[in-house]
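Chain and residue survey
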Amino acid sequence: MLDLRPTCENCNKPLPPDSVEARICSFECTFCADCVERVLENVCPNCGGNFVPRPIRPANNWRDGNCLGEYPPAKTVRHRPIDAAAHRQFAAAINGIPPEQR
Ligand SMILES: [Zn+2]
Ligand SMILES: [Zn+2]
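Quick caveat, the model's predicted, so the values are computed rather than measured.

1. A word on the coordination of the zinc ion (ligand 2)
Around a metal, the idealised angle for a tetrahedral arrangement of four donor atoms is 109.5 degrees; for an octahedral arrangement of six donor atoms it is 90 or 180 degrees. Around the zinc ion (ligand 2), the protein supplies C25 (SG), C29 (SG), C44 (SG) and C47 (SG) as donor atoms, at distances of 2.3 to 2.8 Å. One way to put it: the four donor atoms around the zinc ion (ligand 2) meet at angles of 83 to 155°, and that makes the site irregular. Look at where the donors of the zinc ion (ligand 2) fall in the sequence and you get C-x3-C-x14-C-x2-C. For C25, a relative accessible area of 4% translates into the label buried. The class for C29 is buried, based on a relative accessible area of 7%.

2. Structural notes on the coordination of the zinc ion (ligand 1)
Protein-derived coordination of the zinc ion (ligand 1) comes from C8 (SG), C11 (SG), C32 (SG) and C35 (SG), at a distance range of 2.3 to 2.4 Å. Coordination at the zinc ion (ligand 1) is tetrahedral: its four donor atoms span angles of 101 to 119° at the metal. Mapping the donors of the zinc ion (ligand 1) onto the primary sequence yields the spacing C-x2-C-x20-C-x2-C. Under the relative-accessibility criterion, C8 is labelled buried at 0%.

3. Digging into the sheet that holds strand β2 (residues 30–32)
Taken together, the three strands give an open sheet; going across it, the order is β2-β1-β3, and neighbouring strands pair in antiparallel fashion. Of all the strands in the sheet, just β2 and β3 (52–53) have a single pairing partner and so form its edges. Both strand β1 (residues 22–24) and β2 contribute to a ladder of three bridges, which runs antiparallel. Its bridge partner lying in β2, I24 is registered against T30. Its contacts with the sheet put helix α1 (residues 33–40) on β1 and β2, and the angle it makes with β2 is roughly 85°.

4. Description of the packing of aromatic side chains
Inspection of every chain in the model, using the stated rule, returns one aromatic pair. On the basis of an interplanar angle of 85° and a centroid distance of 5.5 Å, the ring pair of F31 and F51 is categorised as edge-to-face. Placement of the pair is F31 in strand β2 and F51 in the loop between α1 and β3, with a sequence separation of 20 residues. Each of the two residues, F31 as well as F51, counts as buried.

Conventions and cut-offs
Residues numbered from 1 in each chain as written. Chains lettered and ligands numbered in written order. Predicted model: local features only at pLDDT ≥ 70, side-chain atom pairs only at ≥ 80, totals over all residues. Heavy atoms only, no water. Donors = N, O, S within 2.8 Å, 3.2 Å for Na, K, Ca; no water. Tetrahedral: all angles 85-135°; square planar, octahedral: opposite > 155°, others 65-115°. Buried < 20%, exposed > 50% of the residue type's maximum accessible area, 1.4 Å probe, protein only. Pairing = 2+ DSSP bridges. Helix = DSSP H or I, 4+ residues; strand = E, 2+ residues; numbered from the N terminus. Contact = heavy atoms within 4.5 Å. Axes fitted to C-alpha atoms, helices over the stretch in contact; angles between N-to-C directions. Phe/Tyr/Trp six-rings, centres within 6.5 Å; stacked < 30°, edge-to-face > 60°.

And the structure:
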């Protein structure tokens, strides 16, 4: 199950569970859409993988308690701003490779 981490790792922008701006990699490294597009170039600084929009866990209990109230979001903030210059170098080697071939 996803942690639903509370903020962007790079800029610390709040990303509540209903945010449509949250992006995650397969390890659930979590960033905002702006950072993914403008800074990360769709390359995760931690694993080199790509990002997708984070699914939104329903606030309403539509079925069997599978909702935000029963499974609340993580509270631990992981604010680890990237070194932009170092990331540009890292991303340059990777961002030309389609995610399914990385
Ligand atoms: Zn951000
Ligand atoms: Zn990652």
